[in-house]
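Summary of the model geometry
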Amino acid sequence: GVGVSFRPISVLTLNADAVRVGYKSLTSGFQTVLDAPNSGYTSKDVTEYHAGAEYFFTTKIPFAIRGGYWRDPAHAITFTGPLTSPSAVSARILYPPQDDQDHWTVGAGIAFPKFQLDAAYDTSDKFKVGSVSAVVRF
């Protein structure tokens, strides 16, 4: 991967990056209980693109708000072989072609001297994910 961060003012950070992921290796030697031909399973290497921003409020108790976007290219294992048997049809149903997903994210964090709490939300057409993390400093 490669990325760049830029701070146009002391409280704002902008970031963009690209990450190459080798999903193609997932189908090397791939086997299934179906009798469909093993050569019909594919996955591809993809490049994910991410962009985001963080605005940091330097108040008595510092906190930040964040937003971003990332592109998740279709990379799941799919069956693209010929539909010449019931097993091949089953494989197409179980391993269908996927679509790229556009993700939008928002988040916030607050930092105390010995404790930090962050929360985020990631949404796309197919997925909605919330997360919370905490850090304790000793």
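Okay, so let's go over this structure. This is a predicted model, so every value here is computed, not measured.

A separate point is the overall build of the protein. The helix and strand tally for the protein stands at one helix and nine strands. Listing each helix as α and each strand as β along the protein from the N terminus yields β-β-β-β-β-β-α-β-β-β. Expected size for 138 residues packed as a compact globule is a radius of gyration near 14 Å; at 21 Å, the protein overshoots this value by more than 25%. Principal-axis analysis of the C-alpha atoms places the extent of the protein at approximately 70 × 30 × 30 Å. Burial status across the protein gives 24% buried among its 138 residues.

Turning our attention to the side chain of threonine 78. Topologically, threonine 78 is positioned in strand E6 (residues 78–79). You can call threonine 78 buried: its relative accessible area is 10%.

The subject of this paragraph is the sheet that holds strand E9 (residues 128–136). The sheet built from seven strands is open, its strands ordered E1-E2-E4-E5-E7-E8-E9 with antiparallel pairing. Two strands lie at the open edges of the sheet, namely strand E1 (2–9) and E9, each paired on one side alone. Here the average twist between neighbouring strands, direction ignored, is 15°. Note that strand E4 (residues 46–57) and strand E5 (residues 63–72) share nine bridges and pair antiparallel. Bridging from a neighbouring strand, phenylalanine 56 pairs with alanine 64 of E5.

Of all the positions in helix H1 (residues 86–94), only Ser87, Ala88 and Ala91 are classed as buried. All buried residues of H1 lie within an arc of 100° about the axis, which places them on one face of the element. Opposite its buried face, H1 presents the exposed residues Pro86 and Ile93, each directed more than 90 degrees away. In this structure, the buried side of H1 is in contact with strand E3 (41–42) and E6.

Before going further, it helps to examine the environment of lysine 60. Position of lysine 60 relative to the elements: it lies in the loop between E4 and E5. Judged by its relative accessible area of 83%, lysine 60 falls in the exposed class. Lysine 60 sits 30 residues away from serine 90 along the chain, and the two C-alpha atoms are 60 Å apart.

Next up on the list: the environment of valine 19. Following the sequence through the fold, valine 19 ends up in strand E2 (residues 12–21). Valine 19 sits in the partly exposed class, given a relative accessible area of 29%. For valine 19 and proline 8, which are eleven residues apart along the polypeptide, the C-alpha to C-alpha distance reads 24 Å. Once you skip the residues sitting within four places of it in the chain, valine 19 turns out to touch Gly1, Val46, Thr47, Glu48 and His50.

Attention now moves to the packing of aromatic side chains. Considering all chains together, one arrives at five aromatic pairs under this definition. Relative to phenylalanine 63, the ring of phenylalanine 57 has its centre 4.5 Å away and its plane inclined at 15°; by these criteria the two rings are stacked. Take phenylalanine 57: its relative accessible area is 28%, and that puts it in the partly exposed class. Its relative accessible area of 31% is what places phenylalanine 63 among the partly exposed residues.

The rules behind the values
Residues numbered from 1 in each chain as written. Predicted model: local features only at pLDDT ≥ 70, side-chain atom pairs only at ≥ 80, totals over all residues. Heavy atoms only, no water. Helix = DSSP H or I, 4+ residues; strand = E, 2+ residues; numbered from the N terminus. Rg over C-alpha atoms; globule rule 2.2 N^0.38 Å. Buried < 20%, exposed > 50% of the residue type's maximum accessible area, 1.4 Å probe, protein only. Pairing = 2+ DSSP bridges. Axes fitted to C-alpha atoms, helices over the stretch in contact; angles between N-to-C directions. Arc of directions from axis to C-beta. Contact = heavy atoms within 4.5 Å. Phe/Tyr/Trp six-rings, centres within 6.5 Å; stacked < 30°, edge-to-face > 60°.

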